[in-house]
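Coordinates in review
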Amino acid sequence: MIQTFDAIVLGGGAAGLMCAIEAGKRGRRVAVLEHAERLGKKILISGGGRCNFTNIHCRPENFLSSNPHFAKSALARYTPADVVALVEKHRIRYHEKTLGQLFCDGSAREMVAMLEEECRAAKVSIFLNAKIREVGRRDEFVVHTSNDEFHGPATVVATGGLSVPKIGATSFGYDLARQFGLRIREPRPGLVPFVFHQQDRSSYCDLAGVSAEVIACCDGQQFREKMLITHRGLSGPAMLQISSYWREPESISIDVAPGREVTQVFRDSKTPRNPSSLRSELRKILPSRFADRWLELHEPTAWTNAALAGFEKQMHAWAIHPAGTEGFEKAEVTVGGIDTGELSAKTMECRKVPGLYFIGEVVDVTGHLGGFNFQWAWASGAAAGRAL
Ligand SMILES: Cc1cc2nc3c(=O)[nH]c(=O)nc-3n(C[C@H](O)[C@H](O)[C@H](O)COP(=O)(O)OP(=O)(O)OC[C@H]3O[C@@H](n4cnc5c(N)ncnc54)[C@H](O)[C@@H]3O)c2cc1C
């Protein structure tokens, strides 16, 4: 069956639905084609089931992109306050957890229900289980699914990145970009735990579950948050954040005692210089199992000022060389994507292919941990929706 719309949105996640709602509100006839059996599956699993739907401190600096200016326009025109207004309109209760991160009090299901209700009000047509077979363009776009053919002057690609394939992530958006001759910045896993080499694994991984506040540094970036030792390597917010900046074979520098001087007491007082005093100093700063292990592995070779200074230095610049990451299976986002040079920063429309838009995670804009990725999905979706 052939159906004609003003805009065909491919992908019914955060970005696609926001785009459809904004366009529908402006009287556009919009179809959303989603290959899963329901909308917003990633929203449902986000934020541990409570969806960290925005961050009130959202700034362009919270995003990675090969063009750091690209996201500014869209982010300025659809702000966290706009998201909060929408959430409040639907009487969804929420709270600030930490660092400006807003979560639903109840469940992420409320966010999906909100978007579905907005779609209904904006008369958006939703097609679930829509397996897209082909997208072509002559005078207008033609999208073939298994059963139907959709025609329209505009197509919006909102099929997300590669993270978590088991809930429906596909390379569809990148494949389509290649078909239209668009440049792609190589996609790689972001906000993802690190995996240790065998030696570090045997040194630390029996401490799985132990966490400490650290500063993780790589590629000129640093994050002061918690680090968590896992069965295979390192995770926790600090490590997830820095993972988005890491590329093999770089090392990561970790300050395991930020702002503290562990050995100062030995310089300034008569505290005996021996392993047991150092252990008790370390235990004041680090969880005791980690403190003990650290000392076992890095015990000073002598008790001179120089040796203690070396020990101190190592605590503030622990260089780790990850074997890799847990990959797209465990990554919260995909770094890289459609090169922003191909798109208008105002509308997300392709410069080379009028009527073709890319929004959300498929674009080379990636947020830090903490609600920024949804904010980009909403903002880029709204930017395209208002231009259709
Ligand atoms: C476990 C987890 C937790 C997260 N928690 C948070 C959080 O709390 N806060 C935050 O800001 N970010 C979070 N994120 C990141 C956030 O979910 C994404 O950045 C965001 O969902 C991207 O929105 P999107 O619409 O671009 O893509 P998606 O939400 O991935 O939506 C893309 C849609 O397209 C569909 N699709 C894919 N291929 C096709 C195809 N070929 N045909 C038709 N449909 C297709 C998919 O099924 C999907 O519904 C989390 C991610 C994960 C994996």
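Every value quoted in this text rests on a predicted model; they were computed, and no experiment measured them.

So, helix α13 (residues 372-385)
- When the terminal C-alpha atoms of α13 are compared, their 19 Å separation across 14 residues agrees well with the 20 Å that a helix rising 1.5 Å per residue should span.
- Burial runs high along α13: 14 of the 14 residues are buried.

What to know about the sheet that holds strand β1 (residues 2-4)
- Spatial strand order, β1-β11-β10-β9: four strands in an open sheet with mixed pairing. Only two strands of the sheet have a single partner each, and these edge strands are β1 and β9 (132-137). Within this sheet the neighbouring strands show an average axis-to-axis angle of 20°, counted without direction.

So, the sheet that holds strand β12 (residues 154-157)
- One open sheet accounts for five strands, arranged β8-β3-β2-β12-β22; its pairing is parallel. Either end of the sheet is taken by a strand with one partner, and the two such strands are β8 (125-127) and β22 (356-358). Taken over all neighbouring pairs, the strand axes of this sheet differ in orientation by 20° on average, direction set aside.
- With four bridges joining them, strand β2 (residues 7-10) and β12 adopt parallel strand pairing. Across the sheet, Ala7 pairs through a bridge with Ala154, a residue of β12.
- Relative to strand β3 (residues 30-33), helix α1 (residues 14-25) is tilted by about 170°, and along the sheet it contacts β2, β3, β8 and β12.

Re the pattern of salt bridges
- In this structure the tally under the stated criterion is 20 salt bridges.
- Among the ionic pairs, Arg29 bridges to Asp6, the shortest N-O distance being 3.1 Å. Taken together, the residues span a long stretch of sequence, with Arg29 in the loop between α1 and β3 and Asp6 in the loop between β1 and β2 at a distance of 23 residues.
- Taking relative accessible area as the criterion, Arg29 reaches 45% and is therefore assigned partly exposed.
- Judged by relative accessible area, which is 25%, Asp6 ranks as partly exposed.
- For Arg224, the salt bridge is made with Glu213, and the minimal N-O distance between the two is 2.6 Å. Residue Arg224 is found in strand β16 (residues 221-229), and its partner Glu213 is found in strand β15 (residues 211-218); the two are separated by 11 residues along the sequence.
- Glu213 sits in the partly exposed class, given a relative accessible area of 39%.
- Through salt bridges with shared partners, a single network forms among Arg183, Arg185, Asp339, Glu342 and Lys352.

Some details on unusual backbone geometry
- Between Glu248 and Pro249 the backbone carries a cis peptide bond, its omega angle lying at 0°.
- Here Pro249 lies in the loop between α8 (237-243) and β18 (252-255).
- A positive phi angle, near 50°, is found at Leu99, a position not held by glycine.
- Within the secondary structure, Leu99 sits in the loop between β6 (94-96) and β7 (101-104).

Thoughts on the packing of α1 against α13
- Contact geometry of α1 with α13 gives a least axis separation of 7 Å together with a crossing angle of 35°. Crossing hand, α1 versus α13: right-handed. Here α1 contributes Ala14, Ala15, Met18, Cys19, Glu22 and Ala23 to the contact with α13, which in turn contributes Phe374, Ala377, Trp378, Gly381, Ala382, Ala384 and Gly385.
- Across the contact of α1 with α13, the residue classes tally to 10 nonpolar, two polar and one charged.

A closer look at the packing of aromatic side chains
- Tallied over the full model, the rule gives 16 aromatic pairs.
- Plain terms: the ring middles of Phe5 and Phe127 are 6.1 Å apart, the flat faces sit at 80° to each other, and that makes the pair edge-to-face. In this pair, Phe5 is assigned in the loop between β1 and β2 and Phe127 in strand β8, connecting sequence segments 122 residues apart. Note on accessibility: Phe5 and Phe127 belong to one class, buried.

A word on the site of the ligand
- Surveying the vicinity of the ligand reveals 31 residues, the closest of which are Glu34, Asn52, Thr170, Glu361 and Phe374.
- Take Ala15: an N or O atom from its main chain is 2.9 Å from an oxygen atom of the ligand.
- Gly47 places a polar main-chain atom, nitrogen or oxygen, 3.1 Å from an oxygen atom of the ligand.
- Out of a free accessible area of 1,000 Å², the ligand has 92% covered by protein chains.
- Going through the elements one at a time, α1, α2 (41-45) and α13 are the ones with two or more residues in the shell around the ligand.
- For the shell around the ligand, the per-class residue count stands at 13 nonpolar, 14 polar and four charged.

Analysis parameters
- Residues numbered from 1 in each chain as written.
- Predicted model: local features only at pLDDT ≥ 70, side-chain atom pairs only at ≥ 80, totals over all residues.
- Heavy atoms only, no water.
- Helix = DSSP H or I, 4+ residues; strand = E, 2+ residues; numbered from the N terminus.
- Expected span 1.5 Å × (residues − 1).
- Buried < 20%, exposed > 50% of the residue type's maximum accessible area, 1.4 Å probe, protein only.
- Pairing = 2+ DSSP bridges.
- Axes fitted to C-alpha atoms, helices over the stretch in contact; angles between N-to-C directions.
- Contact = heavy atoms within 4.5 Å.
- Salt bridge = Lys/Arg side-chain N within 4 Å of Asp/Glu carboxyl O.
- Left-handed = near helix turned anticlockwise from the far one by under 90°.
- Nonpolar A, V, L, I, M, F, W, Y, C, P; charged D, E, K, R; others polar.
- Phe/Tyr/Trp six-rings, centres within 6.5 Å; stacked < 30°, edge-to-face > 60°.
- Near = heavy atom within 4 Å.
- Polar contact = N/O pair within 3.5 Å; in protein donor to acceptor, adjacent residues only side chain to side chain.
- Areas by Shrake-Rupley, 256 points an atom, 1.4 Å probe, with all protein chains shown as cover.

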